[in-house]
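# Summary of the model geometry
The chain contents come next:
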There are 2 protein chains.
Amino acid sequence: MQIAVLLFERLTALDAVGPYEVLAHLPGADVVFVGERRGPVRTEVGSLALTADATLAEVSNPDIVVVPGGPGQRAHMDGGPILDWLRTADAGSAWTTSVCTGSLLLAAAGLLTGRRATTHWLAHDQLAPLGAVPVAERVVTDGKYLTAAGVSAGLDMAFTLAGRLAGDTVAQCVQLAHEYDPQPPYRAGSPDTAPPAVLAAVRARRDLILNRP
Amino acid sequence: MQIAVLLFERLTALDAVGPYEVLAHLPGADVVFVGERRGPVRTEVGSLALTADATLAEVSNPDIVVVPGGPGQRAHMDGGPILDWLRTADAGSAWTTSVCTGSLLLAAAGLLTGRRATTHWLAHDQLAPLGAVPVAERVVTDGKYLTAAGVSAGLDMAFTLAGRLAGDTVAQCVQLAHEYDPQPPYRAGSPDTAPPAVLAAVRARRDLILNRP
C-alpha cells in the first residue's frame, strides 16, 4: 500500500506530518514523500525542511495520495508539474486526500468538480469558483476523496482513513499509541468557538495566513 | 526568542513538528532544528527525514528547548553528546520542554530530579527510576519544565506554552489559524477511554512501540 505525500516549497509542515504519523503505522503502509526534485523542501516558516525521497515521475501510481496545503500552494494553482502529477496519481489511486488548502490544488487539477469538499475556513470561498461544493465540516468524504479542514484537521482525516483502510480496531490502536486524546488549553479552534476579538484578528490577517510571502 | 528543537535518529516526527508548528508562529520566534550533525535526520518509521540546520555546539544558549521522543531516544539515555547538550542548553533556558519519551532524556540528564513530569502512558513507569515524579496528566508544568504525554500531546503542550510566552489572545489566534478544533473519529486516545481489546493490543506491543528496532 503505497502512500505518496506531496511536498512543495512553503507547505505547512503539520499538514503533511500529521497524516504521515498516523498512516505510516498501518499494516503494509509504505509512505514516500515526493517532490519536484529529491532533497530538502522548506516548509512555510522556513526553519524546517522535510526531505523528498522521490520525484513526481518516480511515483506515478500510488494507492493513496496525501496533499498538504500552505502558502506555497498558490504557486501551483495555474498549472504545471504538480497539477499534472495530481491528475496522473489520482487516476489510479484508491484514495485521494488533502489537508487545509491542499484541496484547492485538487480542485485546480479538476479532481473535485461537483464534489463535496472542505479546506481551511479562511479559504472556503475559494472552493466553489474551482468547481467543488464547499462543506463546512472538519473532514469531508465524497467517494474516494477525503478532504480536511485547516492544518490540524489532517489528524482527524487520517484516523478516518485509517479506519477505512485497516478497520476500527487498528485505527484505535494507532490512536492510543499516539495518545491522541486532545485537550486544547483554549477553545478557539474554529470560527464558531473563537472569541470575537480572536476571530477578527485572524480574519484581518487572512492574506498573510493563506499566502504568506 | 530562539527555540531549539532537538533532532536525533528515529525520533517520532509529530513530537517535533507539532510544537514547531505552533511555536514558530509566535511573534519573535526563531526556531532552529539542532542535531549532532547538520543534515537530514530520519524519523521513526524511516520514510521521513527532517533537516537539522545547526549542530548542538552551534546552539548552546536557546531560550526554549523542545525535546521530542521516539524509539531513537534510548540510544542516548546512558550519556553522550545529547545529554551533555541538554544540560548546557537547560542552564540558560527560560523553558525546557518535552513530548512523549523526550522527558526520559530530560530525566536522564538529571533535569527532572524531584520534579513532576509526564511521558507516553506506556513509559510512565520509567520516570520514577530516573528521579522524576510521574503525573498522569496530558501536560505537566513544574517551574520552567513543561512535559507532555505521548506524541499528539505536544500540540496541547505547545499551546499552553504559547499562552505563557505571548498571552492568551495570541495563543488563541494561532489555534484558530491552525483550526485546532480536534474531532477524533474514535474515542480511544487514552488508556482510560480505549476499548479493552485496543488497550490490551497496544500493551502487548509496548516494547515495539517504545523501542521499535
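Residues numbered from 1 in each chain as written. Chains lettered and ligands numbered in written order. Predicted model: local features only at pLDDT ≥ 70, side-chain atom pairs only at ≥ 80, totals over all residues. Heavy atoms only, no water.

Chain A carries the name Transcriptional regulator GlxA family with amidase domain in an unreviewed UniProt entry, which gives Paractinoplanes abujensis as its organism.

Residues and elements named next belong to chain B. Viewed as axis vectors pointing N to C, helix 1 (residues 13-23) and helix 4 (residues 153-166) meet at an angle of 30°, and their least axial separation amounts to 8 Å. By the angle between their axes, helix 1 is roughly parallel relative to helix 4. The crossing of helix 1 and helix 4 is right-handed. Seen from helix 1, the contacting residues are Gly18, Pro19, Val22 and Leu23; seen from helix 4, they are Gly154, Leu155, Met157, Ala158, Phe159, Leu161, Ala162 and Leu165. When its residues are assigned to classes, the contact of helix 1 with helix 4 shows 10 nonpolar, two polar and no charged. (Axes fitted to C-alpha atoms, helices over the stretch in contact; angles between N-to-C directions. Helix = DSSP H or I, 4+ residues; strand = E, 2+ residues; numbered from the N terminus. Parallel < 35°, antiparallel > 145°, perpendicular 65-115°, else oblique. Left-handed = near helix turned anticlockwise from the far one by under 90°. Contact = heavy atoms within 4.5 Å. Nonpolar A, V, L, I, M, F, W, Y, C, P; charged D, E, K, R; others polar.)

What follows covers the relation of the copies chain B and chain A. For the match of chain B to chain A, the screw axis carries a shift of 0.0 Å, the RMSD comes to 0.0 Å, and the turn is 180°. When the rotation and shift are considered jointly, the pair of chain copies conforms to a two-fold rotation axis. Using C-alpha coordinates, one finds that chain B approaches the rotation axis most closely at B:Leu50, a distance of 2.4 Å. The share of interface residues of chain B whose copies in chain A are also at the interface is 100%, consistent with both copies meeting through the same surface. (Least-squares fit on C-alpha atoms with pLDDT ≥ 70 in both.)

All right, on to unusual backbone geometry then. A positive phi angle, near 65°, is found at A:Arg10, a position not held by glycine. Tracing the chain through its elements places A:Arg10 in the loop between strand 1 (2-6) and helix 1 (13-23). Note on A:Arg10: relative accessible area 28%, which makes it partly exposed. Within the chain, B:Cys100 stands out as a residue other than glycine whose phi angle is a positive 60°. Along the chain, the position of B:Cys100 falls in the loop between strand 7 (95-98) and helix 3 (102-108). (Buried < 20%, exposed > 50% of the residue type's maximum accessible area, 1.4 Å probe, protein only.)

Each side of the interface is counted separately: chain B has 66 residues, and chain A has 66 residues. Both faces combined, the contact of chain B with chain A buries some 5600 Å², and carbon together with sulfur accounts for 61% of it. When the buried surface of chain B facing chain A is broken down by residue, B:Leu176, B:Glu179 and B:Tyr186 rank first, second and third, together holding 15% of it. On the surface where chain B and chain A come into contact, there are two salt bridges. Of the charged contacts in the structure, one is a salt bridge between A:Asp53 and B:Arg42, with a shortest N-O distance of 2.8 Å. For the interface between chain B and chain A, the tally reads 36 residue pairs in polar contact (both at pLDDT 80 or more). For the side of chain B that touches chain A, the elements supplying multiple residues, two or more each, are helix 1, strand 2 (30-35), strand 3 (39-42), strand 4 (49-52), helix 4, helix 5 (168-177) and helix 6 (196-204) of chain B. At eight residues, the largest contribution of residues to the side of chain B that touches chain A is made by helix 5 of chain B. (Buried area = accessible area lost by both parts, 1.4 Å probe. Salt bridge = Lys/Arg side-chain N within 4 Å of Asp/Glu carboxyl O. Polar contact = N/O pair within 3.5 Å; in protein donor to acceptor, adjacent residues only side chain to side chain.)

Overall, the predicted model of chain A reaches an average pLDDT of 96, with 99% of residues at or above 70. In the predicted assembly, ipTM is 0.95 and pTM is 0.96. (pLDDT = per-residue confidence, 0-100.)

The next subject is the UniProt feature "domain: DJ-1/PfpI" (unreviewed entry) in chain A. Per the UniProt record, "domain: DJ-1/PfpI" (unreviewed entry) is annotated on residues 2-161 of chain A. Each end of residues 2-161 of chain A is marked by a C-alpha atom, and these two atoms are 14 Å apart; helix forms 24% of the span and strand 26%. (UniProt positions renumbered as here; feature names shortened; annotations may be inferred.)

One pass over the full model with this rule turns up zero disulfides over all chains. A disulfide-free cysteine, B:Cys100 has its sulfur positioned 16 Å from the sulfur of A:Cys173, the nearest such atom. The exposure class assigned to B:Cys100 is buried, which follows from its relative accessible area of 5%. (Disulfide = S-S within 2.5 Å.)

The subject of this paragraph is the pattern of salt bridges. Residues and elements named next belong to chain A. Following the criterion strictly, the structure yields 16 salt bridges over all chains and no others. Across the pair aspartate 156 and arginine 138 runs a salt bridge whose closest N-O atoms are separated by 2.6 Å. Pair noted here: aspartate 156 is in helix 4 (residues 153-166) and arginine 138 is in the loop between strand 9 (133-134) and strand 10 (139-142), with a separation of 18 residues, a long-range link. Of the two residues examined, aspartate 156 and arginine 138, each falls in the buried class. A single network of salt bridges, built from pairs that share partners, joins Asp125, Arg206 and Asp207.

Counting buried positions over the 10 residues of helix 5 of chain B gives seven, a clear majority of the element. Three or more residues of helix 5 of chain B are buried, namely B:Ala171, B:Gln172, B:Cys173, B:Val174, B:Gln175, B:Leu176 and B:Ala177. Where the residues of helix 5 of chain B are buried, they touch helix 6 (196-204) and helix 7 (206-211) of chain A together with helix 1 and helix 4 of chain B. One or two steps after helix 5 of chain B, the chain reaches B:Glu179, where phi turns positive at roughly 45°.

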